[in-house]
Structures are given as structure tokens and as C-alpha cells.
Amino acid sequence: MIIPTYNNEKTLAEVVSGVLDYTTHVIVVDDGSTDSTSSILSSFSQIQVVRHATNQGKGKALRTGFAAAVASGYKYAITIDSDGQHMPSDLGIFLEKLETHPHSIIIGARNMDQPGIPSKSSFGNKFSNFWFYVETGLQLPDTQSGYRLYPIQDLQKIRFVTRKFEFEIEVMVRAVWNGISVIPAPVSVYYPPAGERVSHFRPFKDFSRISVLNTVLVTIALLWYHPYSFIKNFSLGGLKKKIIEATLSSHESAHTKALSVGFGLFMGIIPAWGYQMLLAVILARLFRLNKILVLLASNISIPPMIPVILYLSNLAGALVLGNSTRLIFSTNITLAEVSRYLYQYLLGSVLIAVLAGALGYILSVGIFKRINKQTFA
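Residues numbered from 1 in each chain as written. Predicted model: local features only at pLDDT ≥ 70, side-chain atom pairs only at ≥ 80, totals over all residues. Heavy atoms only, no water.

- With an unreviewed UniProt entry as reference, the chain is termed DUF2062 domain-containing protein, source organism Xanthocytophaga flava.

Set out below in C-alpha cells:
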């Protein structure tokens, strides 16, 4: 067990004692505490204590703990915060999960909807969950829990750069990008009354750091991770099978399939050139649509169709704005020409995208109803 701590003298002794009821393999990282932490830890002869001379942040404390655990020959480390919110009695939950997921990060998923949870904590967790999904394509119920099991040997190949609270986000995202899965496990949580809570999270500074990190991770995910994953998993035979399954699958209604087609057409036409299909797949997962059908429909923006889409978009925009200028239809229409009428084009492209999406839904919903009826009759 690794317990990072900084000025938690009110709860530290209870947490350490609780952990020692279940294991004597305990490393406490004192991150430059200025209270009575040092004397408290000196009363526990069974534990290993590593100290930072000055406060360096939770992320750095965890990384120091990982290094100490690896040096001692451990392959795994379970981390628990010293603020008393997590229950040492839940330790067995991680060990059970470890048997079936030996190379995964196992994160203790708290019930953030239970009474007594601060609204800002619940919102922050949902905010973090959303960006983790965008960055990895994986949905987790709790990405901010400090109660985790790490396969520290597997993490040795990854170079981390963050040192504060944002490290707990970086380590999960970078782990997924390197083929290490993240598995949730339900755990208990206790939030003391507002007057008794101790938190070293600085809303402005730490939230700003987390926001900068998410901006960087999202950019990398869009430019590298998601395209790489798509190419890596792509095969013609597998794609054919997925198309058939997407069309004939029994677990989705005709309405959902038709919405997927309509949404794909919409995403294929809106002016997000270069990222239309990638954004379409990410949003399809978020909206629980059929990803294969969305992806197929978004291919309406293939090169032969681009001049037609540009022409119709400019024409629709001109009609709405009352402009007399028209682009002459030609296969030689370029983006440079369109840029002369940028606002007109952007407005028209959104209108055409909405119309194409609605038409795609109307035409396909009846087809999918017939397919579902014939397939599962």
C-alpha cells in the first residue's frame, strides 16, 4: 500500500492503523508536511516512510511511492488517500479484481450520487469522466478516485511529466494509450461534514493545470491515438462483418439505426474538414448511436462528392442571405473560391447537413423497420 500524505494530521493515524489491519506492506510518502505528520508516522514501526523536504504535489508523491515500491521488488501498488474518505476494508475488492485483470489499473469507483457528496465533487468527477472518454474512448464511472491498484512494473515504460493532482488523470490516459486497461471496482466512500473536511485542492491553480493537461491530451488523442487505433484495428474482412452486424443487429431499434445514418450524413457535411469522421465516431459513442452506420454515412464527403457539397452549401447560403452571387458548378471548385463567400458557405453547409440528416433518417427508418421485421420474425 502507498499512502501519500500532506498535512493530514487529523486523519493520518486512523488511516495507517486501518491499513495495517490488512497488510504490513505499507509505504507512506510524507510530501513535505509541516504539521505533526512526522511524529505520527514515527509511532508506526511496521511502515516504510519516504519524505520530501518540501511539498512537491500529490503526483510527485505517488511517483516517489512507485519508485520505492519497485525498488523493494513489488509488482503492484494500491494507493489510498490519507484524508479518511476511503475504507481500508475495501482492499479485498482490488485483490479479487487483480486475479482476472493482472495487467490493469483498477480504480475504486465511488457512488457519487449518494447523500452527503459535495456538489462540486460530483460535478468535477463528471467533468473528468467526460474528458477521459474523449481522450481514450472508454467510459468510467469515477476517474478521480485516489483509491487505486497500479501495475507499477508495467508503468515503468511510460515517462510521466505531471507532478500535482493532474497526475492521476495523466497516468490513466497514458496507460490506456500504451495498452494498459483501466477497470472500475465499486468501493465505499465517506465524506465528513463540511467543517471537518481537509482538502489541499486549490480550485483555480489545480483546475487550470488539469484544463491545460486535458487540452494537450485531447489534441494528441485527435491527431494520433484515435486515428492510430482505427488504422490498427481496420481490416476489410472485419469491416464487412461489422457492417452486416450493424445493419442486422437485434439490440438496436430501427429508430436508433436511422438516427445513426442521419447523424452520420450530418457530420459528413458540416465544415469540419479532416476531422468529420473522427468527431462522428466519438460523438456516436457519446450519444449511444451505431458507430459503424455513423461512420459509413459520414463518408458522404468522399472526394467525388466534395464539389457537389460545396456548391449546394454555397447555393443554400446565398438563398437564405438573399445574395445574387452563385458559384458556377464545376469539378474544379476549390476551397480558395469558397473562402470568398465563407459566411455564406458555412451557413449553407449547416443547413444542407441538417436537411441531409433529416432526409437520411426519414428514408432509412422504414428500411430498418423492414429489415428488423424480416430478420427477427
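## Things to note about the overall build of the chain
Alright, step 1. The secondary structure content of the chain amounts to 15 helices and seven strands.
Alright, step 2. Put simply, the chain has 377 residues, and 47% of those count as buried.
Alright, step 3. If you take every contact in the chain between residues at least 6 apart in sequence, the share linking residues at least 24 apart comes to 72%.
Alright, step 4. Taken as a whole, the chain presents about 19400 Å² of accessible surface, with 62% of it coming from carbon and sulfur. (Helix = DSSP H or I, 4+ residues; strand = E, 2+ residues; numbered from the N terminus. Buried < 20%, exposed > 50% of the residue type's maximum accessible area, 1.4 Å probe, protein only. Contact = heavy atoms within 4.5 Å. Areas by Shrake-Rupley, 256 points an atom, 1.4 Å probe, with all protein chains shown as cover.)

## Brief notes about the environment of Ile107
Alright, step 1. Its location among the elements puts Ile107 in strand β5 (residues 104–109).
Alright, step 2. Taking relative accessible area as the criterion, Ile107 reaches 0% and is therefore assigned buried.
Alright, step 3. When the C-alpha atoms of Ile107 and Thr79 are compared, they prove to be 9.7 Å apart, with 28 residues separating the residues in sequence.
Alright, step 4. Those residues within four positions of Ile107 in sequence are excluded, and the remaining contacts are Phe94, Asp142, Thr143, Gln144, Ser145, Tyr147, Arg148, Met172, Val182, Ile183, Pro184 and Ala185.

## Describing the pattern of salt bridges
Alright, step 1. Tallied over the entire structure, the rule returns five salt bridges.
Alright, step 2. Of the charged contacts in the structure, one is a salt bridge between Arg51 and Asp30, with a shortest N-O distance of 3.7 Å. In this pair, Arg51 sits in strand β3 (residues 48–52) while Asp30 sits in strand β2 (residues 27–31), placing the two residues 21 residues apart along the sequence.
Alright, step 3. For the salt bridge of Lys58 with Glu168, the shortest nitrogen-to-oxygen distance reads 3.2 Å. Remark: Glu168 occurs in helix α7 (residues 167–177) and Lys58 occurs in helix α3 (residues 58–71); sequence separation between them is 110 residues.
Alright, step 4. Each of the salt bridges in this network shares a partner with another, and the network as a whole consists of Lys58, Asp81 and Glu168. (Salt bridge = Lys/Arg side-chain N within 4 Å of Asp/Glu carboxyl O.)

## Focus on α7
Alright, step 1. The buried fraction of α7 is high, at 10 of 11 residues.
Alright, step 2. Buried residues of α7: Phe167, Glu168, Ile169, Glu170, Val171, Met172, Val173, Ala175, Val176 and Trp177, and no others.

## Let's talk about the pairing of β2
Alright, step 1. Among the five residues in β2, five count as buried, and that is most of the element.
Alright, step 2. Residues Ile27, Val29 and Asp31 point to one face of β2 and Val28 and Asp30 to the other, with burial holding for every one of them.
Alright, step 3. As judged from the four bridges shared by strand β1 (residues 2–5) and β2, these two strands associate in the parallel manner. Across the sheet, Thr5 pairs through a bridge with Asp30, a residue of β2.
Alright, step 4. For the crossover that starts at β1, traverses helix α1 (residues 12–20) and ends in the parallel β2, the hand is right-handed.
Alright, step 5. Pairing of β2 with β3 involves five bridges; the strand directions are parallel. Paired with Val29 across the strands is Val50, a residue of β3.
Alright, step 6. Crossover connection from β2 via helix α2 (residues 37–42) to parallel β3: handedness right-handed. (Pairing = 2+ DSSP bridges. Right-handed = clockwise from strand over helix to strand, strands pointing away.)

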